[in-house]
Amino acid sequence: MRKRRLAAALLLAIGLAPGTLLRTDIPRGNEVDLSISVVDDLPDTVSSDGFTRSGIWQLSSGRLDFGGYSALLVLGGDTLRAFSDRGRILTFPAPNGSSTARTHFANMWNRGALSATVADIEAATRGPASGVYWVAFESTHSLIRYSLASEFEAARIPPEWQGWSENAGVEAMAWLPDGRFIVMPERATTGFLYPSDPVEEVEPLTFRFAIPGDYNPTDMAALPDGRVLILLRKLDWGLPPFTSAIAIADPRALEEGEELPIQILVQLDSILPRENYEALAVSGVADDGTVGLWLMSDDNFASFQRTLLVHVDWREGGAHEKAREEP
């Protein structure tokens, strides 16, 4: 992601590891080239604050268009779709499931009137009933709706998004079960709650938000009851130079101009390897109320970072449980 503070942190990392940004042997064909391997350099702690790590995999490929994934959708049938900040789409079977779907790389060429602009995808959400999905672009502060078959349907440049800087636009967006949409930008204190599809010309409710700990939102996923989980990130000393958390918020009764209370639930560094986690999606809810979550990291096309796919289980009410470590 092209952001000044991130660039500064990456320059620091480059200084510590010169030459690490160079990739070699890059094939340019359309062949399927995706490797998924289990990650074993894990924190000793498996469970903390109600969140339990259930699987971590590293995705890798020699393709030039691989990496930079900033948004993730669960398509059903244990199939995942990731979107990159270069307009690339990766559809693949979840490594912990039984999907027989084929891995597929694609480019988001058809963007209607926005086709000639930079395809910097930073957020995506899906309507589970129809299968249509929406993607948000940071550099142009725009939004596109696609059909279940990824056919272009409509695009819009919301005027209320145009006050954001080029590199600090929409990072978190979620379709809510009641048909509304919630949108939160990075490095800002104002979000929008739309009464329906924001691709249509509908007026949003404006709300304020303040995230504890100087975090910024990087993605969001709606829970079945209408609350949202928010993936958070901030720059921190280390390699990679990020620390992450998950928070919860309840937009169901928000009124115009009110503040959306946000509560941090877990510091992810306690159970996951440090990385630039930018994508969050709900995989499902078990009969006992346990929520399955997918997270994915953006490697910034840097060889000292990884594209990690993570599955965790969240049991609400476990906030005071003692952290559990592997025996």
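Residues numbered from 1 in each chain as written. Predicted model: local features only at pLDDT ≥ 70, side-chain atom pairs only at ≥ 80, totals over all residues. Heavy atoms only, no water.

**Considering the sheet that holds strand β10 (residues 142-146)**
To keep things clear, this is the line we draw: Only strands that DSSP links by at least two bridges are regarded as paired with each other. Helix and strand assignments come from DSSP, with helices taken as H or I runs of at least 4 residues and strands as E runs of at least 2, each series counted from the N terminus. Think of each axis as a best-fit line through the C-alpha atoms, taken over the contacting stretch in the case of a helix, with angles from 0 to 180 degrees between the N-to-C directions.
Pairing is antiparallel across the open sheet formed by 4 strands, whose spatial order is β8-β9-β10-β11. Two strands bound the open sheet, and with one partner strand each, they are β8 (121-126) and β11 (152-156). Neighbouring strand axes in the sheet, compared pairwise and without regard to direction, differ in orientation by 20° on average. In this structure, strand β9 (residues 133-137) lies alongside β10, joined through 5 bridges in antiparallel fashion. Residue pairing in the sheet places Ala 136 in a bridge with Leu 143 of β10.

**Thoughts on the layout of surface pockets**
Sizing a probe to match a water molecule and rolling it over the atoms shows the empty space that remains. Our working rule: Method remark: on a 1 Å grid restricted to protein atoms, a set of points is classed as a cavity if a 1.4 Å probe fits but cannot get out and as a pocket if it is open with protein on both sides within 12 Å along at least five of seven lines; lining residues have an atom within 4 Å of a point. Grid points are joined across faces, edges and corners, and a volume is the space filled by probe spheres set on the points. Gly falls in the polar group here, along with every residue not listed as nonpolar (Ala, Val, Leu, Ile, Met, Phe, Trp, Tyr, Cys, Pro) or charged (Asp, Glu, Lys, Arg).
Space inside the largest pocket adds up to approximately 430 Å³. As for the largest pocket, its lining consists of 22 residues, of which Thr 125, Arg 126, Pro 128, Ala 222 and Val 282 are closest to the centre. Broken down by secondary-structure element, the contributors of at least two residues to the lining of the largest pocket are β4 (69-76), β8, β12 (170-175), β16 (216-222) and β21 (277-285). With 6 residues, β21 is the largest single contributor of residues to the lining of the largest pocket. Tallied by class, residues from the lining of the largest pocket come to 18 nonpolar, 3 polar and 1 charged.

**Quick notes on the pattern of salt bridges**
This is how the line gets drawn: The salt bridge definition used is simple: a Lys or Arg side-chain nitrogen within 4 Å of an Asp or Glu carboxyl oxygen. Buried means the residue's accessible area, taken with a 1.4 Å probe over protein chains only, is under 20% of the maximum for its type, while exposed means over 50%, and partly exposed covers the values in between.
With the rule as written, the count across this model stands at 15 salt bridges. Of the charged contacts, one joins Glu 316 and Arg 227 as a salt bridge, the two residues approaching to 2.7 Å between their closest N and O atoms. On the criterion of sequence distance, the pair formed by Glu 316 in the loop between β23 (307-314) and β24 (324-325) and Arg 227 in the loop between β16 and β17 (228-235) is long-range, its members being 89 residues apart. Of the residues examined, Glu 316 reaches a relative accessible area of 47% and is grouped as partly exposed.

**Some points on the confidence of the model for the chain**
Rules: For every residue, the predictor assigns a confidence score, pLDDT, that lies between 0 and 100. In this analysis, two residues are considered to be in contact whenever any of their non-hydrogen atoms come within 4.5 Å of each other.
When pLDDT is averaged along the chain, the result is 87, and 87% of the positions lie at 70 or above. Low pLDDT (under 50) marks residues 1-31, which in the prediction has 58 contacts with non-local residues, meaning those over four places away or in another chain.

**Digging into the nonpolar core**
Worth spelling out the cut-off: The term nonpolar core refers to a set of buried residues drawn from Ala, Val, Leu, Ile, Met, Phe, Trp, Tyr and Cys, joined through side-chain atoms within 4.5 Å.
Of all hydrophobic cores here, the largest spans 23 residues; its most connected members are Phe 51, Leu 229, Ile 246, Leu 293, Leu 295 and Trp 314. Counting residues per element, the ones that place at least two in this core are β3 (51-60), β17, β18 (242-249), β20 (262-267), β21, β22 (291-297) and β23. The element contributing the most residues to this core is β23, with 4 residues. Formed by 21 residues, the second largest nonpolar core is a distinct cluster that contains Leu 176, Met 184, Phe 207 and Met 220.

**Let's talk about the environment of Glu 316**
So the rule is basically this: Pairs of N or O atoms are called polar contacts if they sit within 3.5 Å, as long as, within protein, a hydrogen donor faces a hydrogen acceptor (for residues adjacent in sequence, only side-chain-to-side-chain pairs).
Along the chain, Glu 316 and Thr 290 lie 26 residues apart, while their C-alpha atoms are 7.3 Å from each other. In terms of polar contacts, Glu 316 uses its side chain to reach the side chain of Arg 227, at 2.7 Å.

**Points about the side chain of Arg 227**
Classification of Arg 227 as buried rests on a relative accessible area of 15%. Among the polar contacts listed, one links the side chain of Arg 227 to the side chain of Asp 225, at a separation of 2.8 Å.

**Focus on the pairing of β16**
Judged by how many residues are buried, β16 sits mostly within the fold: 6 of 7 residues are covered. Relative to β17, β16 runs antiparallel, the two sharing 6 bridges. Bridge pairing in β17 places Met 220 opposite Ile 230. Where β16 hands over to β17, the hairpin turn is made up of 5 residues, of which Gly 226 adopts a positive phi near 100°.

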